[in-house]
Amino acid sequence: MDEKVKTQQNLPSPVGAVLVIGGGVGGIQAALDLANSGFKVYVVEEESAIGGKMAQLDKTFPTNDCSMCIISPKLVEVGRHLNIEVLSYAEVVRLEGEPGNFSVQIKQKPRFIELDRCTGCGDCAKVCPVEVPNAFDENLSRRKAAYKRYPQAIPNAFAIEKRGISPCKANCPAGIHVQGYIALIKQKKFKEALNLIRKNNPLPSICGRVCTHPCETACSRSKVDDPIAIMHLKRFVSDWEYSQKELEVPRVETKREERVAIIGAGPAGLSAAYYLALEGYSVTIFESSSEPGGMLYWGIPEYRLPRAILKKDIEFIKQLGVEIRTNTPIGEQFSLEDLLAAGFKAIFLGVGAQKSTRLNIEGENLAGVIPGIDYLKAINSGKELPLGNRVAVIGGGNVAIDVVRTAIRKGTKEVFILYRRRREEMPALPEEIREAEEEGVKIHYLVAPKKIIGKEGKVVGLECLRMELGEPDESGRPRPVPIAGSEFILEVDSVIPAIGQSIDLSCLSQGKDWNISRRGTLVVDPITYATNIPGIFAGGDMVSGPATVVEAIGAGREAAISIARYLQGMDLHEGREKKLPVAEITPQEIKKHPRYHPPKISVTERIKNFQEVQQGFSEEEAILEASRCLNCGICSECLQCVDACLAKAINHTMTEKYLNLKVGSVIIAPGFSLTDPILRAEYGYGCYPNVITSLEFERILSASGPFQGHICRPSDHAAPKRIAWIQCVGSRDQSINKGYCSSVCCMYATKEAIIAREHDPEISATIFYMDIRAHGKGFDQYYERAQKDYKIRFIRCQVSKVIEHPKSKNLIITYVDENGKIVEEEFDLVVLSVGMSPPGNFRILSRTLDIKLTPYGFCQTDPLNPMETSRPGVYVCGAFQSPKDIPETVSQASGAAALASEVISLSRGQLVTKKELPPEQNVTGVEPRIGVFICHCGINIGGIVNVPAVKEYVKTLPQVVYVDENLYTCSQDTQAKIKEIIREYRLNRVVVASCSPRTHEPLFQETIRDAGLNKYLFEMANIRDQCSWVHMDKKEEATEKAKALVRMAIAKVSLTEPLVEQELSINKRALVVGGGAAGMVAALGLADQGFEVVLVEKENYLGGNLRNLYYTINGDNVQEFLNYLIKRIQTHPLIQIILNGVIVDAGGFKGNFKTGIMSGPGMAYRKVEHGVTIIATGGEEYKPKEYFYGEDPRIMTQQELEKKIGKKEIDPKNFQEIVMIQCVGSRVPERPYCSRVCCSSAIKNALKIKEINPSANIYIIYRDIRTYGFLEDYYTQARKAGVIFIRYDLQNKPEVSIEKEGLRVSVFDPSLRETLIINPNLLILSTGIIPRENEELATLMKLPRTPENFFLEAHMKLRPVDFATEGIFLCGLAHSPKPLTESLAQAKAAVSRACTILAHDTIMVGGIVAQVEKEKCSACLTCVRVCPYNVPFINDEGVAQIDVALCQGCGSCAAECPGKAIQLQHFKDAQIIVKTSALFKEKVA
Amino acid sequence: MRLSYPTNIKIIQVPCTGKVDVLYLLKAFQYGADGVYVAGCMEGDCHFLTGNLRARKRVEYAKKILEEVGIGGERLEMYNLSSAQGPRFVEIATEMTERIKKLGPNPIKAFRAPSVENNKTILISEEKNR
């Protein structure tokens, strides 16, 4: 037994689950492979949806496939996979343990939308008032705070983005959703804005006038200009409401028995009463004075708060049924006990702070000394209280200001304020102070009263002291200190102290142990406002000491919540702590925009009377002012979505969650981030609007992008005619620590240029580049086409700068052309081909996972183990390993999946869920009984299509036995209901009329299968995407169309038949063809997973091309590695090796192949049965006909050189002049492809020679140096080591001759602009890779090949190691030229793909496949010719036969069969025709 | 994208345009369609390799038949577009509707019922466009 398997058996069995970090295409592929091979997979994605960068791309090179079209099916598969759990908005915070047994902690951000309830309908986004830049569109468009990352996103659910609590809300004592109502005002939703305010504040009209607006103080705008006029906006909506005919009073949902008493009708009491009444309690307020309102009525003058306004807010509360009993002071007529005895179940105390604080100086009892509060009360109750001509008001708060301004309006000639500190310390609102001064008030700062002077018992003067400021006191303000001897006397007629209020606690019942503070306030729980006496709560000034209206309102509301909880026996504290942090905006993010100021009445006018001074905003001004809001919190918590979401999925109280998981291994696939183009400031990104990144251009090209696929430039949305691409922005640049090549930019720029030209042939496209790196399969041909067919101009140079033309916003690019001339050229749009950098969180990730990074910050791996990180059990794939394109990422992803599953292969199948299904109902010969479910999709369908009318219509259709309409047919409860109805009504066919079958058909099919119906007895009518969404303004026609679509679906479903899938057993043996590096690694990989392998090699030895390699570019010993592989493979008990083996026949299909092999010296024939096949037939170095190869021992290929150095057959010390010629026989018409490895082989060998013989002159004559990825570092190293690089092009190939004196190479050097003559001792030809002879194998196994005879994969991007024929895979050089490390990755990938079949005992075949009616077949061979997959054949009976396991279900054969002998199941002629006919049968017979 | 297009378009789904039989096209006209068009993948991008190319041939053939029987070949069309081309879809729907409106009702209907019906176009489309 293998050693590895033994050790595993001694350990506790590993966890059969894998964690995949990153939901881009790499993570998706790894997850699917693993889940399909019997493992549970968790995908952790930091965004709200998986899809990664690939989802953002428009097209993919070199096939120009639509990126979204090809990734979308994978997304859906992940989303629906029973054994893949997608954790979006999540990140790993801890990883502990060993391979096979890891503990992971994951932090998941709140989504604020319940995933299991969200149906993805988008109604929340429709009502969301907040727009933010759309990151998916690279900020070129805007999206709502409630959003789905992109239409095809998985999870197919919306999310709400919050940055935190907006500062305004956080600073509001009542916690009003300030940002929310501002956002609603901006949208003209005034009623909604007011309703939102009332959720936290029932006195909006009052707070719109007299609030101290701490929200404005906190407003982020105040960092750069003026805060939003929040208070005025609140007033605006309340005034707007006042102007409406009727007030809309909220409905009380449930009426409750219990009665609650409230003492005091001030703001705290009113607020508590309102929220308790809303909860259904019967509330009575006991007010001692004659009017409700407390200080709002008695303390605030009318010019600030008109009585009518006050009354309006109080009336609103009364309309909820709140009873206010005025002139009912507590203490005198009744006590708190009396209230409890009278049946009140709880009491709220809000008696305020009514007593004026005394000055405690001599003369305070003289006539003419009137406390401020008493004065205001007197005036506000309509009494006259003459003060004389000169009045001194003592204090700096709002009461002092109210007194002086009232006194002026009452005719007092001279009014002073005496304040003991400076203006800066005055607690009154600055605007109030300013207005008072405008009205003639004089303020004496740093002055305190010492004594009131009287004459005949009446005030005549005031002796004052001047003060200076000392150290800060406990309030944080500087303490005023009297200046000795500074006394002076003011002549006055009255003195009004307004230095504060104190609390009268006489209302409290005697004999109870009330908790009273040192300041004389009542002590309550700070969260619940409960006093220490059960059932009694308190808030407002009596608890806080004299404070603001809004604080009292907040306290009243919180107390009301507590009282309701108290009465319902609930915990008072639970869930009431604040959770989100306050959202911070830096001043840099804020653009200045001046504040709008509503008008005021002029001073001369206003001092004559008590008319309201401050006027309100007009509607237009209010909207403009609201538009200044910065949306600090992103989501404004306007709560519109809560009302809009009929599925009740919105949950604004969600919090961060921590999940703990157990997994056996980990795959990291976090992808990359774009290199910040600002690092190359000379290109003007960020300054010039028409300089954009390549990803921005992808979004511009995308039909679903910011401009619907019209190419426009950002500055003016004009169609650009001249577009330039600048390559290597943030790549191949040591100066910014990005010395590597990003590998993909040359190709994506070429692709973008091609697509741009396809969009608009008038566009001229120019690409400025250093080397064109078209090193992948089919890339060079693509590049050639770009030049020849698309006339794209490629200019080899480095762009020195980009300057914007200030008027036209065009861009002038300066570069040095190939002739050394400085050229300036103008363009309309410049695209920067930005490179790949490690993902944004790479440092944290590496620390959390404890993995090593390269100096560039990518994941460190070993070229011979490219997917293994430095931590055992943690594997990597994709761009985080090194910059790479999609197919390589997908290969690595599968490869990483193979490694991850190898560790835990013993636990395969242990954690996966399998569904138990009830037996299927037999419906043959039974009359159709059709059930129809019509979906409203919230209002998506129901808002346009008259669903009840469709329902009534459907009832009249034949065979329909049940019709229903649902709010959301896809919701979980509806699924349960559908199952019940199928049973109850004995339905045998089901139609759902709702949305797209693309996303929802599998769900409904699963539902009816759960209810015992074959899943094909189902049909969908897409009355949303094909009807309500696209005919929004034509409701009647849409309804008629919906009827037609449902009628068609019903017609078809009546003819549908159950399709039975056949179960076939799987042979768990694999056949690997080819014993080179790829074949051996694939064989070992499968065997290590526990599967038997037959390895066929046509030579009599193993090793293939690997035998010709001796060292890798990074110094690994290849022969050692080869020997290790051979040894392992020869000793592995599950691997059978057939040398000298030739495949002579092949048949069967996935799971059950039969292959005939002749082997050995006698060519003995044997048949191998196997479930999968891996083709690894390899490739070899091209032996050139060019440059006298074979005619002179000094001329050899790179591999021959390597072998001679490796075997020490030559000593580099003996060679002083060495020339290497690149692209010999490559990138020429006969072999138009790049072999990917020759540039790095040349550099590898050059460095090797330089290492041994540093003085050797090595000339590498090249066309483009293609050292992609980190290989670029070796190119840099070679140049540093003095290797000379000379460029040539096809028109100016180097010339070689053999002269008497030696070899002679002449080449034109474009940088020196002259021809060089070199006489080398060695001439090394860098020749490409050609595939091994494979024609016979291709014919036998029906495997497609490229024109260059490499094997052709099923899909260049997403299925790089699959053949179109299922069950057959490929890897290594047989696929295309590639370095060893990539062959190894592909070999592992093939293992993983093979495991997705071998892991199962059986496969299901059939379903939607073509079937031949023998009697009708005349064996005309049409189907044989038509089938794109070569499936049909003429069998022994002489008729066509189509294997169910091989048929792809396209129906081409059925359509072409002249005898109509072939029918495609589920799409039979009769089924399609009846559907067509139903369209025209409006009247039902 | 929810771009609006004329309501007279009704879609019939097939797994691949390669499945579109000449019979379906002719039947649609027989039942009273005023126009029919087939929407397949971009040429060269067929999900089933070559289905759309075969469909095009059949559409051309059916056009000839329609021409011969007097219904008119221009009432039938084949379009190629990708699933990301919402605006193009609308363009085609509008273009086809305009064309059929100009041509007037399917003459076959005149033989059967005197009433002039609303113009109706059906679209036979591939799976991905459902």
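Since this is a predicted model, take the numbers as computed values, not measurements.

A few words now on the overall build of chain B. A count of helical and extended segments in chain B gives four helices and four strands. Burial status across chain B gives 56% buried among its 130 residues. Residue pairs in contact within chain B that sit at least 24 positions apart in sequence constitute 74% of those at least 6 positions apart. Of the roughly 5500 Å² of accessible surface on chain B, 56% is carried by carbon and sulfur atoms.

This brings us to the pattern of salt bridges. Residue and element names in this part refer to chain A. Applying the stated criterion across every chain, the model contains 112 salt bridges over all chains. Among the ionic pairs, Asp716 bridges to Arg713, the shortest N-O distance being 2.9 Å. Taking relative accessible area as the criterion, Asp716 reaches 42% and is therefore assigned partly exposed.

When pLDDT is averaged along chain B, the result is 84, and 85% of the positions lie at 70 or above. The low-confidence segment residues 114-118 of chain B, where pLDDT is below 50, has five contacts with residues more than four positions distant or belonging to other chains.

This brings us to empty space enclosed by the protein. Overall, the coordinates contain 15 cavities of 30 Å³ or more when judged by the stated rule. Counted as a void, the largest cavity has a volume near 130 Å³. What lines the largest cavity is a set of 13 residues, and nearest its centre among them are Met1020, Asn1022, Gln1026 and Lys1475 of chain A together with Ile11 of chain B. Secondary structure elements with two or more residues in the lining of the largest cavity: β43 (1018-1022) and α32 (1035-1055) of chain A together with β1 (9-14) of chain B. A per-class count over the lining of the largest cavity returns eight nonpolar, three polar and two charged.

Moving on, we get to the sheet that holds strand β13 (residues 282-286) of chain A. Residues and elements named next belong to chain A. If you walk across this open sheet you meet the five strands as β14-β13-β12-β15-β26, and the pairing is parallel. On the outer flanks of this sheet lie β14 (323-325) and β26 (536-538), each paired with one strand and no other. Sheet twist, expressed as the average angle between the axes of neighbouring strands with direction ignored, equals 20°. Docked against the sheet, helix α11 (residues 267-278) engages β12 (259-263), β13, β14 and β15 (344-349), running at close to 165° with respect to β13.

We now examine the sheet that holds strand β27 (residues 657-663) of chain A. Residues and elements named next belong to chain A. One open sheet accounts for three strands, arranged β6-β7-β27; its pairing is antiparallel. The strands lining the two open edges of the sheet, one partner per strand, are β6 (90-98) and β27. On average, each strand axis in the sheet is tilted by 20° relative to the strand beside it, whichever way the strands run. Bridge analysis of strand β7 (residues 101-108) against β27 gives seven bridges, and the strand direction is antiparallel. Note that in β27 the partner of Lys107 across the bridge is Tyr658.

Turning to the packing of helix α2 (residues 25-36) of chain A against helix α39 (residues 1380-1398) of chain A, a few remarks are in order. Residue and element names in this part refer to chain A. As a packed pair, α2 and α39 sit with axes 8 Å apart at the nearest point and diverge in direction by 35°. Facing α2, whose interface residues are Gln29, Asp33 and Asn36, α39 presents Ser1392, Arg1393 and Thr1396. Residue composition of the contact of α2 with α39, grouped by class: no nonpolar, four polar and two charged.

With that out of the way, let us pick up the packing of aromatic side chains. All names here are of chain A. The final tally for this structure, using the stated rule, is 30 aromatic pairs over all chains. Between the aromatic rings of Phe1004 and Phe1018, the centroid separation amounts to 6.0 Å while the plane-to-plane angle is 35°, which identifies the pairing as tilted. Within this pair, whereas Phe1004 is found in helix α30 (residues 997-1010), its partner Phe1018 is found in strand β43, the two being separated by 14 residues in sequence. The pair Phe1004 / Phe1018 is uniform in exposure class, with both members buried. Taken together, the ring pairs connect Tyr740, Tyr856, Phe858 and Phe1270 into an aromatic cluster. The ring of Tyr1182 carries the charged tip of Arg1231 above its face, separated from the ring centre by 3.8 Å.

We now examine the confidence of the model for chain A. Interpretation of this model should avoid reading the predicted coordinates in detail wherever pLDDT is low. Mean pLDDT over chain A stands at 93; residues scoring 70 or higher make up 99%. Note on residues 1-8 of chain A: pLDDT is under 50 here. Beyond four places in sequence and across chains, it has ten contacts.

Attention now moves to the side chain of Asp733 of chain A. Within the fold, Asp733 of chain A resides in the loop between β31 (722-729) and α24 (745-759). Aside from chain neighbours lying at most four places away, what touches Asp733 of chain A is Arg680, Lys738 and Gly739 of chain A.

Taken together, the 45 residues of chain B in the interface contact 53 residues of chain A. Remark: the boundary between chain B and chain A carries three salt bridges. In this structure, the connection of chain B to chain A is made through eight residue pairs in polar contact (both at pLDDT 80 or more). Residue assignment for the side of chain B that touches chain A shows that the elements contributing at least two residues are β1, α1 (22-31) and α2 (51-69) of chain B. Per element, the largest residue contribution to the side of chain B that touches chain A is six residues, and it comes from β1 of chain B. Here the residues of the side of chain B that touches chain A are counted per class, giving 21 nonpolar, twelve polar and twelve charged.

Residue and element names in this part refer to chain A. Throughout the structure, instances matching the rule amount to zero disulfides over all chains. Between Cys168, a cysteine without a disulfide, and Cys632, which holds the nearest cysteine sulfur, the sulfur-to-sulfur distance is 6.4 Å. Taking relative accessible area as the criterion, Cys168 reaches 11% and is therefore assigned buried. Its sulfur unpaired, Cys746 is 6.0 Å from the next cysteine sulfur, which belongs to Cys728.

The subject of this paragraph is the nonpolar core. Residues and elements named next belong to chain A. In terms of nonpolar packing, the biggest core is built from 102 residues, with Tyr181, Leu339 and Leu349 touching the most fellow members. Per-element accounting of this core gives the leading share, ten residues, to helix α19 (residues 549-567). Non-local contacts of Tyr181, meaning those with residues more than four positions away in its chain, are made with Ile176, Ala193, Leu196, Ile197, Ile230 and Lys234. Ranked by size, the runner-up nonpolar core spans 100 residues in total, among them Cys935, Tyr953, Ala1042 and Ala1051.

Bringing the pairing of strand β3 (residues 76-80) of chain B into the picture now. Residue and element names in this part refer to chain B. β3 sits mainly inside the fold: five of its five residues count as buried. Here strand β2 (residues 35-40) pairs with β3 via five bridges, running parallel. When the sheet's bridge partners are listed, Gly40 is paired in β3 with Asn80. Handedness of the crossover joining β2 and β3 through α2 is recorded here as right-handed.

All names here are of chain A. Every buried residue belonging to helix α26 (residues 842-849) is among Phe842, Leu845, Ser846, Thr848 and Leu849, and all of these are buried. Projected down its long axis, α26 shows its buried positions confined to an angular sector of 165°, all on one face. More than 90 degrees from the buried face of α26, the exposed residues found are Arg843, Ile844 and Arg847. Next to the buried residues of α26 lie β1 (17-21), β6 and β28 (665-668). Note on α26: the residue one or two positions beyond its end, Asp850, has a positive phi of about 60°.

Quick notes on the rules
- Residues numbered from 1 in each chain as written.
- Chains lettered and ligands numbered in written order.
- Predicted model: local features only at pLDDT ≥ 70, side-chain atom pairs only at ≥ 80, totals over all residues.
- Heavy atoms only, no water.
- Helix = DSSP H or I, 4+ residues; strand = E, 2+ residues; numbered from the N terminus.
- Buried < 20%, exposed > 50% of the residue type's maximum accessible area, 1.4 Å probe, protein only.
- Contact = heavy atoms within 4.5 Å.
- Areas by Shrake-Rupley, 256 points an atom, 1.4 Å probe, with all protein chains shown as cover.
- Salt bridge = Lys/Arg side-chain N within 4 Å of Asp/Glu carboxyl O.
- pLDDT = per-residue confidence, 0-100.
- 1 Å grid on protein atoms, 1.4 Å probe; cavity = no way out; pocket = protein on both sides within 12 Å on 5 of 7 lines; lining within 4 Å.
- Points joined across faces, edges and corners; volume = space filled by probe spheres on them.
- Nonpolar A, V, L, I, M, F, W, Y, C, P; charged D, E, K, R; others polar.
- Pairing = 2+ DSSP bridges.
- Axes fitted to C-alpha atoms, helices over the stretch in contact; angles between N-to-C directions.
- Phe/Tyr/Trp six-rings, centres within 6.5 Å; stacked < 30°, edge-to-face > 60°.
- Lys NZ or Arg CZ within 6 Å of the ring centre and 35° of its normal.
- Polar contact = N/O pair within 3.5 Å; in protein donor to acceptor, adjacent residues only side chain to side chain.
- Disulfide = S-S within 2.5 Å.
- Core = buried A, V, L, I, M, F, W, Y, C linked by side-chain atoms within 4.5 Å.
- Right-handed = clockwise from strand over helix to strand, strands pointing away.
- Arc of directions from axis to C-beta.

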